[in-house]
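Chains, contacts and geometry: an overview
Okay, here's what each chain looks like letter by letter:
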Amino acid sequence: TIYKKSDNMELVRTGGGHNGSDNFAVHFGYADNSGFGLTEESLPALTFADSTARVIDHMYVNNICYAVNCYIDGNGLTAKIGPNDWVKLVATGYNGTKKTGETFIYLCNGPDNIVLDWTKFDLSGLGAVTKVEFNVTGSSDNGYGFSQPAYFAYDDVAVRFEKAPEPAPNYPMRVLTFEDANYK
C-alpha cells in the first residue's frame with residue numbers, strides 16, 4: 001500500500017493510485033558495492049517489448065507504507081532517517097546497450113522531506129530509450145550495505161510516440177504514353 005491521507009485517519013485500501021485509480025506498480029531494487037544488493041545487470045527496468053526507442057516523458061512516484069514507516073521509526077535492520085539522511089531513486093536510460101543519461105528524485109531527504117503523495121518524476125532528459133533501470137540508493141548503511149527499503153510505487157507512465165506521417169494526397173493518376181508526349 002501507499003500512504004494516502006483520509007479524512008478520518010483510517011487506512012484507505014482503494015483509490016491509492018495517481019488520480020485516484022485502484023492500480024499502480026511497486027518496484028524493488030538496489031545495487032551497491034556491499035555484495036548484498038543486486039548487480040547492475042539485474043536491476044528492475046521498464047522496457048519496450050518492440051525494442052523501439054521512445055522518450056518516456058514522466059511518471060508519478062510515491063513511497064510505499066513500509067518505506068515510510070522505516071524512514072520515520074526505523075526497524076531491526078535500519079535506523080530511522082536522521083536530518084542528514086536521504087533516499088533517492090535513480091533512473092538510468094539505455095538505447096540498446098548505450099547509456100543515454102541518468103536522472104534522480106529524492107524519496108526522502110531528512111525526516112521533514114519525505115514523499116507522501118504522488119510526485120511527478122521527469123524522465124524526458126534520458127532521451128529516446130529502449131530501457132530504463134531504477135536503483136534506490138541512500139545514506140543509510142547498517143554494515144551490510146544500503147539498509148532502507150528499496151521499494152517505490154509508480155503510476156501513469158507517459159510515453160511520447162512519434163506522430164505517424166501524413167499519407168500522401170490521393171491525386172488521380174494517369175499513365176502517360178509516348179503518344180501523350182507529342183514527340184515527332
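Quick caveat: nothing in here was measured; it's all calculated off a predicted structure. (Residues numbered from 1 in each chain as written. Predicted model: local features only at pLDDT ≥ 70, side-chain atom pairs only at ≥ 80, totals over all residues. Heavy atoms only, no water.)

When you go through the protein residue by residue, the secondary structure sums to 1 helix and 9 strands. When the helices and strands of the protein are listed from N to C terminus, the series reads β-β-β-α-β-β-β-β-β-β. The buried share among the 184 residues of the protein stands at 39%. Across the protein, every contact between residues at least 6 apart in sequence was considered, and the portion connecting residues at least 24 apart equals 71%. By element, 51% of the accessible surface of the protein is carried by carbon and sulfur atoms, the whole surface being about 11800 Å². (Helix = DSSP H or I, 4+ residues; strand = E, 2+ residues; numbered from the N terminus. Buried < 20%, exposed > 50% of the residue type's maximum accessible area, 1.4 Å probe, protein only. Contact = heavy atoms within 4.5 Å. Areas by Shrake-Rupley, 256 points an atom, 1.4 Å probe, with all protein chains shown as cover.)

Read across the sheet, 4 strands follow the order β2-β8-β4-β5 without closing on themselves; strand pairing throughout is antiparallel. The two strands at the open ends of the sheet, each matched to only one other strand, are β2 (45–47) and β5 (98–109). Taken over all neighbouring pairs, the strand axes of this sheet differ in orientation by 15° on average, direction set aside. Bridge count between strand β4 (residues 86–95) and strand β8 (residues 131–138): 8 bridges; the pairing is antiparallel. Within the sheet, the bridge partner assigned to L89 lies in β8 and is V136. (Pairing = 2+ DSSP bridges. Axes fitted to C-alpha atoms, helices over the stretch in contact; angles between N-to-C directions.)

For the rest of this paragraph, the subject is the nonpolar core. Of all hydrophobic cores here, the largest spans 33 residues; its most connected members are V61, L89, F121, F134 and F152. Tallying contributions element by element places strand β3 (residues 54–62) first for this core, with 4 residues. Sequence-distant contacts of V61, that is, excluding residues within four places in its chain, are made with L89, I105, L107, V115, D117, W118, T119, F121, F152, A153 and Y154. (Core = buried A, V, L, I, M, F, W, Y, C linked by side-chain atoms within 4.5 Å.)

The next subject is the environment of Y66. Note that Y66 resides in helix α1 (residues 65–73). Between the C-alpha atom of Y66 and that of P149, which follows or precedes it by 83 residues, the distance is 7.4 Å. Excluding residues within four positions of it along the chain, Y66 makes contact with N75, P149 and Y151. At 3.5 Å, the side chain of Y66 and the side chain of N75 are in polar contact. (Polar contact = N/O pair within 3.5 Å; in protein donor to acceptor, adjacent residues only side chain to side chain.)

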